[in-house]
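# Inside the fold
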Amino acid sequence: MAAPRSFLWSRRIFLTLLTGFVLLPVYVMLSSSLKPLQDVSGKFRWVPSGLTVRPYIDIWSTVPLAKYFVNSLIVAGAATVCSVVIAIFAAYGVSRYRFRGKRLFTVTVLSTQMFPGILFLLPLFLIYVNIGNATGIALFGSRIGLILTYLTFSLPFSIWMLIGYFESVPRDLDEAAMVDGCGPLGALFRVVVPAAIPGIVAVAVYAFMTAWGEVLFASVMTNDTTRTLAVGLKGYATQSDVYWNQVMAASLVVSVPVVAGFLLLQRYLVAGLTAGAVK
Amino acid sequence: MTVTAEPAVGEEALPGATGPTPRRRTGRVRRIALPYLLLLPALLLELLVHLVPMVIGIVMSFKELTQFYIRDWGAAPWAGFDNYSLSVDFDAPVGAALLDSFFVTCAFTVLSVGLCWLLGTTAAVYMQETFRGRGFLRAVFLIPYALPVYAAVITWAFMFQHDNGLVNHVLHDQLGLTDSPSFWLIGDNSFIALLVVSVWKGWPFAFLIVMAGLQNIPRDLYEAAAIDGAGMLQQLRRITLPSLRPVNQVLVLVLFLWTFNDFNTPYVLFGKAAPEAADLISIHIYQSSFVTWNFGTGSAMSVLLLLFLLVVTGVYLVLTSRGRRSADV
């Protein structure tokens, strides 16, 4: 089908404008991160007056960025591992067996995703404070406490997506394995999990990404030692001044790992994300 | 218990088998129990992170939970429906502010979801056919989706700065559209700023889902239509959009829930107290709870929000499924 010329032109114009809109903040982030401070404090300039890598050196000492980085890594990593491992069992159960309460379970998992985070924030906050008072275990402000709160969104999401992936693995495969003498768990780990590895990796990346970018729980449930990047980036704003070049450099540094991971795995991610919606 | 359970998959009734032997019975019990065992860790955690907090949240909403009772919230006095009547008393300051915030959130959500859908669908339709650079553009369009929210929104906050931001530089210095540089992060303009950031961040999701939906439309439909003399616009109206309907129904619901509940964007853009014009409901509840330390009222507002979302989602699902059913007939 030959597209008319007007279509080609309208497409060209629309996609160019959209690309500009999408990339504008990326350009601002990159160019400002290489500007000297007087350049970002004064009027905005499209072309920097001079380039410097100084902000990339200073970001590590202005705020303890490395510490925040490690905190984010630990919290997001642990939340990801927990939710993916638990979701593997649950998704296998749902995709391979018929049992009483199956529908109730999937509907519950699905519907918890619509609950606003703010709904869980207040009760979890009070639960942690009270557990701390009663037992001396400091959940509030600790990494464990934050990891638990992150499961409120990463677990239902992981279960939901893995059910889709496991259902796309042909049932004959694990039934054949069971005929050959595998138990159900043997079939899960020798056949279903290996076959669904792309899906599992995608779910893990997505869970990690969401935890890495989470702001609400991190801003309430962390203290000086457990602060994550989401909260830590505010440290570049002092009472008198905002080191915008350092803010932009730090933003870029914390974005690169997840954006790179996302773009590398986008094929699997997109397949998984859309499977649920399109079906 | 196990007697009433449905048979698990793979469990055939063996003809001629005369009652289960003890060994076979343990195998049967194990097979019926197995799905529950697989679900057990997930169930326990769901209980811990969802059910228990929700029950406590509802209990909290009936208590007079101020900062004096945070250390021991069980001791807080019962408030009955006071928190609720305070929240919905629209003539008093608390209720009036909540109502304002609710309307702002509704307007914001409708505009944001509409624009995200429009941009995403247009881009996806334009990129339905392959052309040079399509893969590259697709990757570029995913960047807003992949960037951590705070990094992206903080960059927008920088662009919206009054003195050294790009937006004022372009609008005022370069294009001369405004008499003086505008304020974007306070006052009425903050609504526009929030909307722009939200659309920037949200439209790639619509793009992804619609792209996937377009791939499921059989090519021969278009070929047949082209032979019958249908132009591109007609094909869009008669084939593409109707085929996308089920996809769009899910997409719009998901976008609605995300946008309505969004906390990250306004919080990073404006800080703890959003300007009135951009006071989204989740940040309003956050402020009522953690800044003024009144958890009881905050919880009541959360429960009201949840009820509203449940009703809207329920009505939406009923309407769309009825539409689908009547379309099938």
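All values derive from a computational prediction rather than experimental measurement. (Residues numbered from 1 in each chain as written. Chains lettered and ligands numbered in written order. Predicted model: local features only at pLDDT ≥ 70, side-chain atom pairs only at ≥ 80, totals over all residues. Heavy atoms only, no water.)

This part covers the overall build of chain A. From N to C terminus, chain A includes 13 helices and zero strands. When its helices and strands are written in sequence order, chain A yields α-α-α-α-α-α-α-α-α-α-α-α-α. Taken along its principal axes, the extent of the C-alpha atoms in chain A is 75 × 70 × 30 Å. By the burial criterion, 53% of the 279 residues in chain A qualify as buried. In chain A, once contacts between residues fewer than 6 apart in sequence are set aside, the share between residues at least 24 apart is 75%. A total accessible area of about 11900 Å² is found for chain A, and carbon and sulfur atoms account for 68% of it. Mean positive and mean negative side-chain charge positions of chain A (20 and 10 charges, respectively) differ by 8 Å. (Helix = DSSP H or I, 4+ residues; strand = E, 2+ residues; numbered from the N terminus. Buried < 20%, exposed > 50% of the residue type's maximum accessible area, 1.4 Å probe, protein only. Contact = heavy atoms within 4.5 Å. Areas by Shrake-Rupley, 256 points an atom, 1.4 Å probe, with all protein chains shown as cover. Lys, Arg positive; Asp, Glu negative; His and termini not counted. Charge placed at Lys NZ, Arg CZ, Asp CG, Glu CD.)

The next subject is the environment of L40 of chain B. Residue and element names in this part refer to chain B. Relative to the helices and strands, L40 resides in helix α1 (residues 22-60). Looking at L40, the relative accessible area reads 40%, which means it is partly exposed. L40 sits 175 residues away from Q215 along the chain, and the two C-alpha atoms are 38 Å apart.

So, about the confidence of the model for chain B. Residue and element names in this part refer to chain B. Considering every residue of chain B, the mean pLDDT works out to 85; 88% of them sit at 70 or more. Confidence over residues 1-19 falls short of pLDDT 50; this stretch has 19 contacts with residues more than four positions distant or in other chains. The ipTM for the predicted assembly is 0.90, set against a pTM of 0.88. (pLDDT = per-residue confidence, 0-100.)

Turning next to the packing of helix α3 (residues 93-126) of chain B against helix α8 (residues 189-215) of chain B. Residue and element names in this part refer to chain B. Between α3 and α8, whose axes approach to 6 Å, the crossing angle comes to 45 degrees. Regarding the angle of α3 to α8, the classification is oblique. The interaxial crossing formed by α3 with α8 has right-handed handedness. (Axes fitted to C-alpha atoms, helices over the stretch in contact; angles between N-to-C directions. Parallel < 35°, antiparallel > 145°, perpendicular 65-115°, else oblique. Left-handed = near helix turned anticlockwise from the far one by under 90°.)

The subject of this paragraph is the packing of aromatic side chains. Under the counting rule described, the total for this entry stands at 43 aromatic pairs over all chains. Judged by centre distance (5.4 Å) and plane angle (40 degrees), the ring pair of Y150 of chain A and F153 of chain A falls under tilted. Here Y150 of chain A pairs with F153 of chain A, and both are found in helix α7 (residues 143-168), just three residues apart, close to one helical turn. A residue is classified by how much of its surface remains accessible, and F153 of chain A, at 23% relative accessible area, is partly exposed. Measuring from ring centre to ring centre gives 5.1 Å for F263 of chain B and Y286 of chain B, while their planes differ by 55 degrees; the resulting arrangement is tilted. Remark: Y286 of chain B occurs in helix α12 (residues 281-291) and F263 of chain B occurs in the loop between α10 (232-261) and α11 (264-270); sequence separation between them is 23 residues. Considered together, F263 of chain B and Y286 of chain B belong to a single accessibility category, that of buried residues. Members of the aromatic cluster, each reached through a chain of ring pairs, are F125 and F140 of chain A together with F263, Y267, Y286, F290, W293 and F295 of chain B. Here the guanidinium or amino end of R12 of chain A rests over the ring plane of W9 of chain A, the centre of that ring lying 4.8 Å away. When the ring centre of F44 of chain A is taken as origin, the NZ or CZ atom of K35 of chain A, which lies over that ring, is 4.5 Å away. (Phe/Tyr/Trp six-rings, centres within 6.5 Å; stacked < 30°, edge-to-face > 60°. Lys NZ or Arg CZ within 6 Å of the ring centre and 35° of its normal.)

Inspection of the entire model under this criterion finds six salt bridges over all chains. Among the salt bridges present, the one from D58 of chain A reaches R54 of chain A, with a minimum N-O distance of 3.2 Å. Here R54 of chain A and D58 of chain A lie together in helix α3 (residues 54-62), a separation of four residues that amounts to about one turn. Given the relative accessible area of 49%, R54 of chain A is considered partly exposed. As a salt-bridge pair, R219 of chain B and E129 of chain B come within 3.3 Å of each other at their nearest N and O atoms. Of this pair, R219 of chain B sits in helix α9 (residues 219-227) while E129 of chain B sits in the loop between α3 and α4 (134-141), placing them 90 residues apart in sequence. With a relative accessible area of 39%, R219 of chain B lands in the partly exposed category. (Salt bridge = Lys/Arg side-chain N within 4 Å of Asp/Glu carboxyl O.)

All names here are of chain B. With 27 residues, α8 extends 39 Å from end C-alpha to end C-alpha; this agrees with the ideal 39 Å at 1.5 Å per step. The largest bend along α8 measures about 30 degrees and falls at G202, with the proline P204 one to four residues further on. Within α8, 23 of the 27 residues are buried, leaving the element largely enclosed by the surrounding structure. (Expected span 1.5 Å × (residues − 1). Bend = angle between axes of the 7 residues up to and from the residue.)

Each side of the interface is counted separately: chain B has 103 residues, and chain A has 93 residues. Regarding the contact of chain B and chain A, the summed buried area is about 9000 Å², with carbon and sulfur atoms giving 78% of it. Scanning the region where chain B abuts chain A turns up one salt bridge. Note that D173 of chain B is salt-bridged to K43 of chain A, the shortest N-O span being 3.5 Å. Counting across the interface, chain B meets chain A through twelve residue pairs in polar contact (both at pLDDT 80 or more). (Buried area = accessible area lost by both parts, 1.4 Å probe. Polar contact = N/O pair within 3.5 Å; in protein donor to acceptor, adjacent residues only side chain to side chain.)

The next point concerns the environment of V170 of chain B. Turning to its location among the elements, V170 of chain B is positioned in helix α7 (residues 166-174). V170 of chain B sits 17 residues away from G187 of chain B along the chain, and the two C-alpha atoms are 20 Å apart. Residues within four places of V170 of chain B in sequence aside, it is in contact with W46 of chain A together with L175 and G176 of chain B.

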